[in-house]
Amino acid sequence: MPVGTCKLCLRKKALVRSHFMPAAMYKYVRRGSRSSSDHPVVMGRRLTSMTPYQVRGYLLCGDCEDRFNKNGEKYALQWVWNGKDFPLYERLKLALPRRFSNQYVAFSGKAIGVDTEKLAYFGLSLLWRAGVHTWNTAFGEKSNRMELGEFEDPIRRYLVGEDPFPPNTYVILTVCSDSNSQRYFYMPQRVTNVTQFVAFSFLTLGIHFMVFTMKNL
């Protein structure tokens, strides 16, 4: 393992090879395919093909990798589509909504027994990874680095346990009822059709995240 400065705790340590998206999600996609030996289909900028490639890089020390796992990733993996079932969607089918609109049905995480802060922690950890590192992706391409600006360090301090949930930062989770969204994941992207705040969007096997950052939103 190379020695370097961990991007999260800012200490010089041995760095582990971290997945961007959890390794289990690649397994879930294989489990849900026609053959368990099938590789996931990856959409690149110029090519779409089945590939065993998984996005990984030397970013974190072992302690911080474990911190991400315990504080959000392990919990989120209990709720996403897992190749057979979609536990969070099944929970919502039995829950009483908090409110309705023409476009969505809203639920209280606390009322249905879901720890939304752990899910938000997981979402912010993915966005932060996309903001502090350019990742090598499939077919020789590289990820688009998300510009978090003044919000980058407050998110880091929250993730490492130094500060409470970052101010002026909001996370909205949408549970997708369509089968296509339940079987895909993609890395964070900047939402370009809004001007009054900064927003990012990403999908994790049926759970769609929107993260907003803006003062006095």
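We now turn to the structure provided with this report. (Residues numbered from 1 in each chain as written. Predicted model: local features only at pLDDT ≥ 70, side-chain atom pairs only at ≥ 80, totals over all residues. Heavy atoms only, no water.)

**Some thoughts on the overall build of the chain**
A count of helices and strands for the chain gives six helices and 11 strands. Radius of gyration (C-alpha) of the chain: 17 Å, near the 17 Å computed for a compact globule of 217 residues. Overall, the chain is about 50 × 50 × 35 Å in size when its C-alpha atoms are taken along their principal axes. Residues classed as buried in the chain amount to 45% of the 217 residues present. A fraction of 63% describes how many contacts in the chain between residues 6 or more apart in sequence connect residues 24 or more apart. Carbon and sulfur atoms make up 49% of the accessible area of the chain, which totals about 12,100 Å². Between the centroid of the 30 positive side chains of the chain and the centroid of its 17 negative side chains there is a distance of 3 Å. (Helix = DSSP H or I, 4+ residues; strand = E, 2+ residues; numbered from the N terminus. Rg over C-alpha atoms; globule rule 2.2 N^0.38 Å. Buried < 20%, exposed > 50% of the residue type's maximum accessible area, 1.4 Å probe, protein only. Contact = heavy atoms within 4.5 Å. Areas by Shrake-Rupley, 256 points an atom, 1.4 Å probe, with all protein chains shown as cover. Lys, Arg positive; Asp, Glu negative; His and termini not counted. Charge placed at Lys NZ, Arg CZ, Asp CG, Glu CD.)

**Structural notes on unusual backbone geometry**
Here the phi dihedral of L10 falls at roughly 65°; this positive angle occurs in a residue that is not glycine. Here L10 lies in the loop between strand 1 (3–5) and strand 2 (12–19). Even without glycine at this site, N168 takes up a positive phi of about 60°. Tracing the chain through its elements places N168 in the loop between helix 5 (152–160) and strand 8 (169–175). Here N168 falls in the partly exposed class, since its relative accessible area comes to 25%.

**What about the nonpolar core?**
One broad trend across soluble globular proteins is that nonpolar side chains are buried collectively. Counting 52 residues, the largest nonpolar core has C6, L8, F20, L60, W128 and L159 as the members making the most contacts within it. Residue assignment for this core shows that the elements contributing at least two residues are helix 1 (23–31), strand 5 (56–61), helix 2 (62–76), helix 3 (87–94), helix 4 (116–132), helix 5, strand 10 (198–204) and strand 11 (207–213). Considering every element that reaches this core, the biggest residue donor is helix 4, with nine residues. Leave out the neighbours within four places in its chain, and C6 touches R11, L15, L59, L60, C61 and C64. One finds V191, F197, A199 and F212 within the second-largest nonpolar core, a separate group that totals five residues. (Core = buried A, V, L, I, M, F, W, Y, C linked by side-chain atoms within 4.5 Å.)

**Observations regarding the environment of C176**
Relative to the helices and strands, C176 resides in the loop between strand 8 and helix 6 (179–182). Taking the C-alpha atoms as reference, C176 lies 7.0 Å from H208; in sequence the two are 32 residues apart. Not counting chain neighbours up to four residues away, the residues in contact with C176 comprise F86, S181, Q182, L203, G206 and H208.

**A closer look at the packing of aromatic side chains**
This model, assessed by the stated rule, comprises 11 aromatic pairs. Aromatic side chains F68 and Y121 sit 6.1 Å apart centroid to centroid with 80° between the ring planes, which places their arrangement in the edge-to-face category. A residue pair is termed long-range when its members are at least 10 positions apart, and F68 in helix 2 and Y121 in helix 4 qualify at 53 residues. When sorted by exposure, F68 lands in the same class as Y121, which is buried. With a centroid separation of 5.1 Å and 10° between ring planes, the pair formed by F202 and F209 is classed as stacked. Side by side, F202 and F209 carry an identical accessibility label, which is buried. Counting every residue linked through ring pairs, the aromatic cluster contains F68, Y121, W128, Y158 and F165. (Phe/Tyr/Trp six-rings, centres within 6.5 Å; stacked < 30°, edge-to-face > 60°.)

**Concerning the side chain of Q182**
You can see Q182 is positioned in helix 6. Leaving out residues up to four positions away in the same chain, Q182 has contacts with W81, F86, Y89, C176, S177, L205 and G206.

**Let's talk about the pattern of salt bridges**
Taken as a whole, this structure holds 10 salt bridges when the rule is applied. The partner of R129 in a salt bridge is E73, with the nearest N and O atoms 3.8 Å apart. Highlighted residues: R129 in helix 4 and E73 in helix 2, separated in sequence by 56 residues. On the basis of relative accessibility, which here comes to 1%, the residue R129 falls in the buried class. One salt bridge in this structure joins R157 and D163, with 2.7 Å as the shortest N-O distance. Several salt bridges share partner residues, and in doing so they unite D153, R156, R157, E162 and D163 into one network. (Salt bridge = Lys/Arg side-chain N within 4 Å of Asp/Glu carboxyl O.)

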